[in-house]
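Next come the chains, spelled out residue by residue.
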Protein chains: 2
Amino acid sequence: MITREQHDRMANAIRFLSMDAVEKANSGHPGLPMGAADIATVLFSKFLSFDPKAPHWADRDRFVLSAGHGSMLLYSLLYLTGYEDMTIDEIKNFRQLGAKTAGHPEWGHATGIETTTGPLGQGIANAVGMAMAERILNARFGDDLVNHYTYVLAGDGCLMEGISQEAITLAGHLRLNKLIVIWDDNNISIDGAISLTDSTDQRARFAASGWNTLSVDGHDPEAIATAIQTAKKSSRPTLIAAKTTIGFGAPTRAGSNKAHGSPLGAEEIAGARAQLNWEYAPFEIPSDILDAWRSIGARGAEKRAAWEDRFAAADAEIRAEFERRMRGDLPEGFDAAIEAYKQQLSADKPKVATRKSSEMALEVINGIVPDTIGGSADLTGSNNTKTSQTGPIKAGDFNGRYVYWGIREHGMAAAMNGMALHGGVIPYGGTFLTFSDYARPAMRLASLMGIRSIFVMTHDSIGLGEDGPTHQPVEHVAVLRAIPNHIVLRPADAVEAVEAWQVALKSTRTPSTLALTRQNLPTLRTEHTAENLTARGAYELAGAEGEAKATIFASGSEVEIALAAKVELDKRGIPARVVSVPSFELFFEQDEAYRSATIGNAPIKIAVEAGIRLGWDAIIGSDGLFVGMSGFGASAPIDALYKHFGITAEAVVDAVEGRLNKV
Amino acid sequence: MITREQHDRMANAIRFLSMDAVEKANSGHPGLPMGAADIATVLFSKFLSFDPKAPHWADRDRFVLSAGHGSMLLYSLLYLTGYEDMTIDEIKNFRQLGAKTAGHPEWGHATGIETTTGPLGQGIANAVGMAMAERILNARFGDDLVNHYTYVLAGDGCLMEGISQEAITLAGHLRLNKLIVIWDDNNISIDGAISLTDSTDQRARFAASGWNTLSVDGHDPEAIATAIQTAKKSSRPTLIAAKTTIGFGAPTRAGSNKAHGSPLGAEEIAGARAQLNWEYAPFEIPSDILDAWRSIGARGAEKRAAWEDRFAAADAEIRAEFERRMRGDLPEGFDAAIEAYKQQLSADKPKVATRKSSEMALEVINGIVPDTIGGSADLTGSNNTKTSQTGPIKAGDFNGRYVYWGIREHGMAAAMNGMALHGGVIPYGGTFLTFSDYARPAMRLASLMGIRSIFVMTHDSIGLGEDGPTHQPVEHVAVLRAIPNHIVLRPADAVEAVEAWQVALKSTRTPSTLALTRQNLPTLRTEHTAENLTARGAYELAGAEGEAKATIFASGSEVEIALAAKVELDKRGIPARVVSVPSFELFFEQDEAYRSATIGNAPIKIAVEAGIRLGWDAIIGSDGLFVGMSGFGASAPIDALYKHFGITAEAVVDAVEGRLNKV
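This structure is a prediction, so every number in the text was calculated from the model and none was measured. Position labels on residues start from 1 in each chain and follow its written sequence. All chains are assigned letters beginning at A, and all ligands numbers beginning at 1, according to the order in which they are written. Local features in this predicted model are restricted to residues whose pLDDT is 70 or higher, and side-chain atom pairs enter the listing and the counts only when it is 80 or higher, whereas totals over whole chains, interfaces and linings include all residues. The side-chain figures draw on all heavy atoms in the structure; neither hydrogens nor water molecules are used.

**Describing the sheet that holds strand β18 (residues 576-580) of chain B**
Residues and elements named next belong to chain B. Read across the sheet, 5 strands follow the order β16-β18-β17-β19-β20 without closing on themselves; strand pairing throughout is mixed. Edge positions in the open sheet fall to β16 (539-542) and β20 (625-628), since each of these has one partner strand only. On average, adjacent strands in this sheet sit at an angle of 30 degrees to one another, irrespective of strand direction. DSSP-based pairing: two strands are paired if at least 2 bridges between them are found. The helix count covers DSSP runs of H or I at least four residues long, the strand count covers runs of E at least two residues long, and both are numbered beginning at the N terminus. When strand β17 (residues 550-554) meets strand β19 (residues 604-609), the two strands line up parallel, connected through 5 bridges. Within the sheet, the bridge partner assigned to T551 lies in β19 and is K605. Across the face of the sheet, helix α25 (residues 649-662) comes into contact with β17, β19 and β20 while running at roughly 160 degrees to β19. With axes taken as lines fitted to C-alpha atoms, and helix axes fitted only over the stretch in contact, angles between N-to-C directions fall between 0 and 180 degrees. Contacts: residue pairs with any heavy atoms within 4.5 Å of one another.

**With respect to the side chain of D59 of chain B**
All names here are of chain B. Topologically, D59 is positioned in the loop between α2 (31-47) and β1 (62-65). Each residue's exposure class comes from its accessible area (1.4 Å probe, protein chains only) as a fraction of the maximum for that residue type: buried when under 20%, exposed when over 50%, partly exposed otherwise. Charge counting follows a simple rule: Lys and Arg are positive, Asp and Glu are negative, and His as well as the terminal groups are ignored. Any Lys or Arg side-chain nitrogen located within 4 Å of an Asp or Glu carboxyl oxygen qualifies as a salt bridge. No salt bridge forms around the buried D59; measuring N to O, its nearest opposite-charge neighbour R310 is 4.2 Å away. Within the local environment of D59, its side chain forms a polar contact with the backbone nitrogen of N147, the two atoms lying 2.7 Å apart. Residues contacting D59, with those up to four places away along its chain left out, are L145, V146, N147, H148, W307 and R310. What qualifies as a polar contact is a pair of N or O atoms within 3.5 Å, subject to a donor-acceptor requirement within protein and to the restriction that residues adjacent in sequence count only when both atoms come from side chains.

**Considering helix α2 (residues 31-47) of chain A**
All names here are of chain A. One fewer than the residue count of a helix, multiplied by 1.5 Å, yields its expected span. For α2, which comprises 17 residues, the first-to-last C-alpha distance of 24 Å matches the rise-based estimate of 24 Å (1.5 Å per residue) to within 8%. Bend, at a single residue, is the angle you get between axes fitted to the 7 residues ending at that residue and the 7 residues starting at it. At A37, α2 shows its largest bend, some 55 degrees. Burial analysis of α2 places 16 of its 17 residues in the buried class, the great majority of the element.

**A word on unusual backbone geometry**
At K349 of chain A, a residue that is not glycine, the phi angle is positive and equals roughly 50 degrees. You can see K349 of chain A is positioned in the loop between α13 (334-348) and β8 (352-353). Phi at N187 of chain B takes a positive value of approximately 65 degrees, unusual for a residue other than glycine. Tracing the backbone shows N187 of chain B in the loop between β3 (179-185) and β4 (188-189).

**Structural notes on the relation of the copies chain A and chain B**
Note on the chain copies: they are related by a rotation about an axis and a translation along it. Least-squares superposition aligns the copies on the C-alpha atoms of those residues with pLDDT at or above 70 in both. Once turned by 180 degrees and shifted 0.0 Å along the axis, chain A lies on chain B with an RMSD of 0.0 Å. As the rotation angle and translation indicate, the two copies are arranged about a two-fold axis. Relative to the rotation axis, the C-alpha of G162 of chain A is the closest in chain A, positioned 1.9 Å from it. Of the interface residues in chain A, 100% have counterparts in chain B that sit at the interface too, so the contact is made through matching surfaces.

**Describing the packing of helix α3 (residues 71-81) of chain A against helix α11 (residues 287-313) of chain A**
Residues and elements named next belong to chain A. Where α3 meets α11, the axes come as close as 7 Å, and the angle between the chain directions of the two elements is 85 degrees. When the axes of α3 and α11 are compared, the pair comes out roughly perpendicular. Along the contact surface, α3 presents L77, Y79, L80 and T81, while α11 presents L290, W293, R294 and G297. When grouped by side-chain class, the residues that make up the contact of α3 with α11 number 5 nonpolar, 2 polar and 1 charged. Roughly parallel covers angles under 35 degrees, roughly antiparallel covers those over 145, roughly perpendicular covers 65 to 115, and oblique covers all other angles. Residue polarity is assigned by list, with Asp, Glu, Lys and Arg as charged and Ala, Val, Leu, Ile, Met, Phe, Trp, Tyr, Cys and Pro as nonpolar; anything else, Gly included, falls into the polar class.

**Some words on the interface of chain A and chain B**
The interface of chain A with chain B comprises 93 residues on the first partner and 93 residues on the second. Two parts placed together each lose some accessible area under a 1.4 Å probe, and adding up what both lose gives the buried area. For the pair chain A and chain B, the summed buried surface comes to about 7200 Å²; carbon and sulfur atoms form 59% of the total. Interface area lost by chain A to chain B is led by I407, Y438 and R444 of chain A, which between them contribute 10%. The interface formed by chain A and chain B includes 8 salt bridges. Salt-bridge contacts for D198 of chain B lead to R408 of chain A; the nearest nitrogen and oxygen are separated by 2.9 Å. The interface formed by chain A and chain B includes 49 residue pairs in polar contact (both at pLDDT 80 or more). Per element, the largest residue contribution to the side of chain A that touches chain B is 8 residues, and it comes from helix α17 (residues 436-449) of chain A. When the residues that make up the side of chain A that touches chain B are grouped by side-chain class, the tally is 37 nonpolar, 38 polar and 18 charged.

**Examining the nonpolar core**
Ranked by size, the top nonpolar core spans 76 residues in total, and within it I552, I647 and V652 of chain A together with I552, I647 and V652 of chain B carry the most contacts. Filtering out sequence-adjacent residues up to four positions away, I647 of chain A remains in contact with I462, E558, I561, V608, A610, V627, G628, M629 and Y642 of chain A. What we call a nonpolar core is a set of buried Ala, Val, Leu, Ile, Met, Phe, Trp, Tyr and Cys residues that are connected through their side-chain atoms within 4.5 Å.

**Describing the side chain of S71 of chain B**
Tracing the sequence through the fold places S71 of chain B in helix α3 (residues 71-81). When near neighbours in sequence (up to four residues on either side) are disregarded, S71 of chain B contacts L65, F94, A102, G103, H104 and P105 of chain B.

**Thoughts on the pairing of strand β2 (residues 150-154) of chain B**
Residues and elements named next belong to chain B. Burial of β2 is extensive: 5 of the 5 residues sit out of reach of the surface. Every second residue of β2 is oriented toward a common face, with T150, V152 and A154 on one face and Y151 and L153 on the other, all of them buried. Relative to β2, β1 is paired through 4 bridges, and the arrangement is parallel. Bridging from a neighbouring strand, V64 pairs with V152 of β2.

**Structural notes on the UniProt feature "domain: Transketolase-like pyrimidine-binding" (unreviewed entry) in chain A**
UniProt positions are given in the numbering used here, feature names are shortened, and annotations may be inferred rather than shown by experiment. Within this structure's numbering, the places UniProt gives as "domain: Transketolase-like pyrimidine-binding" (unreviewed entry) are residues 352-523 of chain A. This span, residues 352-523 of chain A, is 38% helix and 19% strand, and a straight line between its end C-alpha atoms measures 8 Å.

**Here's the deal with the environment of S256 of chain B**
Residue and element names in this part refer to chain B. With respect to the helices and strands, S256 occurs in the loop between β7 (238-243) and α10 (266-275). S256 sits in the buried class, given a relative accessible area of 18%. Sequence spacing of S256 and A306 is 50 residues, and the spatial spacing of their C-alpha atoms is 45 Å. Those residues within four positions of S256 in sequence are excluded, and the remaining contacts are I188 and I246.

**Here's the deal with the sheet that holds strand β19 (residues 604-608) of chain A**
All names here are of chain A. The 5 strands lie next to each other as β16-β18-β17-β19-β20, forming an open sheet whose pairing is mixed. Each edge of the open sheet is held by one strand with a lone partner, namely β16 (539-542) and β20 (625-627). Each strand axis lies, on average, 30 degrees off the axis of its neighbour in the sheet, ignoring direction. Relative to strand β18 (residues 576-580), β16 runs antiparallel, the two being bridged by 3 bridges. Across the sheet, A542 pairs through a bridge with V578, a residue of β18.

**Considering the packing of aromatic side chains**
To pair, rings of Phe, Tyr and Trp, with the six-membered ring standing in for Trp, must have centres within 6.5 Å; the planes then decide the type, stacked if under 30 degrees apart, edge-to-face if over 60, and tilted in the middle. Under the criterion given, the structure shown has 42 aromatic pairs over all chains. On the basis of an interplanar angle of 75 degrees and a centroid distance of 6.0 Å, the ring pair of F584 of chain A and F588 of chain A is categorised as edge-to-face. Taken together, the positions of F584 of chain A and F588 of chain A, both in helix α21 (residues 584-588) and 4 residues apart, correspond to about one turn of that helix. In this structure F588 of chain A comes out as partly exposed when scored by relative accessible area, which is 37%. Each ring, one from W278 of chain B and one from Y280 of chain B, has its centre 4.8 Å from the other, and the planes form 80 degrees; the classification is edge-to-face. The class of Y280 of chain B is buried, set by a relative accessible area of 13%. An aromatic cluster of at least three residues, connected via ring pairs, comprises W57, F141, W307, F311 and F322 of chain A. Over the ring of Y149 of chain A we find K178 of chain A, and its NZ or CZ is 4.8 Å from the ring centre. For a lysine, the NZ atom is tested; for an arginine, the CZ atom; a charge sits over a ring if that atom is within 6 Å of the ring centre and within 35 degrees of the ring normal.

**Brief notes about the pattern of salt bridges**
What the rule picks out here adds up to 74 salt bridges over all chains. The shortest N-O distance in the salt bridge between E308 of chain A and R304 of chain A comes to 2.9 Å. With E308 of chain A and R304 of chain A both in helix α11 and 4 residues apart, this pair spans about one turn of that helix. Between D437 of chain B and R440 of chain A there is a salt bridge, and its shortest N-O distance comes to 3.2 Å. Note that D437 of chain B is positioned in helix α17 (residues 436-449) and R440 of chain A in helix α17, a pairing that runs across two chains.

This is the structure we're talking about:
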């Protein structure tokens, strides 16, 4: 039993670690940790199920600090509860190069950080994905193994971002009752009082999407505890609006935007020490308080031990399967099944769109890999993301494997990240490639974190046709390639499509985007190879007869055009070779010898892609030729568009001949 | 007075034009036009104030088809009401190359299209900006000249997108009572019934943000008229939830997602003709119905004539100013003021961050150009977007010139587009460059439309420092440069900053993004030039002494580094020149002679930019050297970061010497 005095001192430990760390770094956000310290103390001391000695325990509750700028709140909690990698030196090193205590919480830097937050609204959407993953795994493994809560601390910024609406409407629709969002309702954003920018009744807004909502004084520990208890019993996700004072304890800055994002200064901190009766030096936590915090951490060990007992009592096969899934390994037999399927494709030579090839590959994959959870942002029939194995996930029934995400591209991508972070499931989700723009902030975070979210982006060029330039990605392949640690795969046929899926599924530390066509393409890889050539990023698909005068590089739907151009060039006595380039990132990871052999020495290098040139110079050189787009597309049938924009075999031939005549 | 029978026939004219055009194109979306035909007929016949003979009349009501896939609804209305450029041949040419009737409505293709829609949620957010512009101009020019409504037809897709939440919370907060959103509440999205993906009570949701809300049978013309009448009198923005049947009139597909996005087929259309008693051939509109529609268009002329009379009665100076603003011209004396200010800067040589230089430039600009409306997505003090002239815009008081956009980057960008489309104002708005990702779909549409939205993106590199990799743009400058028709300006000092603003303001058909530093930079342009050198995109800032062995290209904060490297190289007997590259797009627009002279013949070309290499090959060649980033940033103080990532003058010198030794 924690007395009120103890509670206050425990919360003040968070406040002073935060104030002092920000002061020492001369940079950071003291306001939120000070304001939300009471909430966090109640949540961690009375509710959160976690074990600092086993931070990866699968059935722990998840805590997401959606308001990531308040990172010192989380770091303080990790230190106080006894996470071994969060030392006091790390706290002192806040925001310094190489510290685990980055400006915003970075997943992978320290254990106990469940996701990278900072870009507002992402955390709450990640949490929706985590809560979905929990229910999905619960449906498979039962209450004994999977039965935990997902808690979010969100600020006004998170709730003002559009992505939060996508997240909460989805959570309400799916009745994710084990998701509890505590809103740090401090009435302040960077520009000033919230009344400057917003008049939304947040409780009414959440209620409109089927949430249970509560209000509470965020500095009253008993009231907070009662609210969380109530929330845990709800049949709906719960919003707890916790009224707080930003920078609580700061004598002149509390309650104002001056407490938000900069060090308080020595004088203000001294005033806070006096006001909160905190007589300790910076970074010094009195032993009774540290003990109180550490005992919470220790208490979590009991819960975990009980879980370990239940786990040990489970069937060996179930245990092995659970562990495999939580490790993120693919099931045995995966590679063999892909290989067999590739063999079949090279024999069958289907002429289908790569979105269809992707569906065919998924039909095989989803049969072998029970971890995959598919979905689409309301384009199921267009993205071809649903297979025979993937029944719908619904409120009250999480046995399915398919999420009808609705028109929520951003929320989908961020929730997929949450699913991947939770573990035990492999999320893939689709939309049109042009709408990757809507999902981009979450896609970038997948790359920054290095997690296996797989984005299925169809209708990947002007080949989309009549829907016109708003729906035609022109720069999108290039700008996705620009995100560090992001594999963009643009397969040319059914074989490359399944190889792309194999790459994506095996890249456990890198998200992938598959760029897929609307239009049909022939099978080009008619000779079976055991090796996954797509994993090379680029490879010679057709060699030259004699010494090559030109190498034609192409990706996706334009590889067919490249091959047609080669035939014509050969006819005209200009030996040409064709290199298929399904992935820049994978190609640039190959060794120098492979790269230069693949690029080759032909005097003319030409690339064909129904997108902008950007990025191709790294392969064809800045003097290389390019057949593609240089501006927005247009609304017309596909054939008219390829002709209009001059992305044809004839254009390739003309460009090569033009250059030859010039040389 | 329109009888019910007349109404039905007028609405059916829309339905059949839409069905028949989609059928002929063998592509398109018949469902919405058929479902919303009654709403549109009531709105256009009884309420919308417009004149097809003067489609650009400044005080017309704006109609935004946010659900842009229903483009045939709009095209039908434009044809029926008599817009001269919307001929029956254009309708027949729906979705064909070069037609004004693109798959989705494209602003600039035909008059009467108020904005480009298709990417869901954009239209409703554009409309918020239009309604703001209306109030802002009303505050300046009074009811006689500016007093109109903004109507939106939105579907479930628009309301599910997160951007809609940003838009409606802002509209509610600003009490934009002349904004009326009609929700085509047809219960259907592409994947099926809305119940598959969402359970939101939309009226409650809008009410939570201060909207007036109404429900109505969307096929009952009288009820629709009453609702719009009520909405017009509200002191709040209004949502009218209009219950409709998608594909109304289609015998088997009505009410199902099968009516949404593909041709109905001959049989279904024949069935619809029978069911709706429409005995006319495809594209044939009986003369009584065409007359009825055309008389609506003619009635608008009266309203406009009355406005013209009021306008003629206004003071000559006011008339001239109103016309100047609606034309989008800058006031006389603008260039001279910029020139004088540049002169002063070259003399004063301030050492300030370019975000501060931008503020200083804006202080001059906002003093001369009353059209500018500033703002920031809750980063006013960081983006430096507010000047002494720009008081806040508030509910009930639109005399101000500054929008506290709140944490709504996407909504801000889309509403800025709406303001630019409305005309009479020039919107600029800020956030951190890394969060351009959140605003990207709207920024792309600004480019596609070719409108003057100006995005002020500060904290443009790892120079941001401690906030870490989530907040550090690494790929963002490159990926904004990738958007066609988008000017990205990354000024190196206070002179380039004001030149950048001059370019942005004078580029009436292209949006601009200014990428600005957090950190201080010295004035490099210490010699005044009358010419706007930034408008050249790139120019020699420092020549070599003797024949240059190296040219160092740099943008923004790295130009200082380039100059320091040149000094050191010169010392070591390696003559180097420095080219400042504030804008790729502007540079590539220069003539060949200027470009090659600027790039020069130095054997070594090296670029320095605190971002990824992508795009630079077009200037330095694929064998050029690059000093910059190749992955995500880190959390640390700025100096530590530049050193850690090797973006220093020493690194430039080393790279040049390394290459020289190799040659």
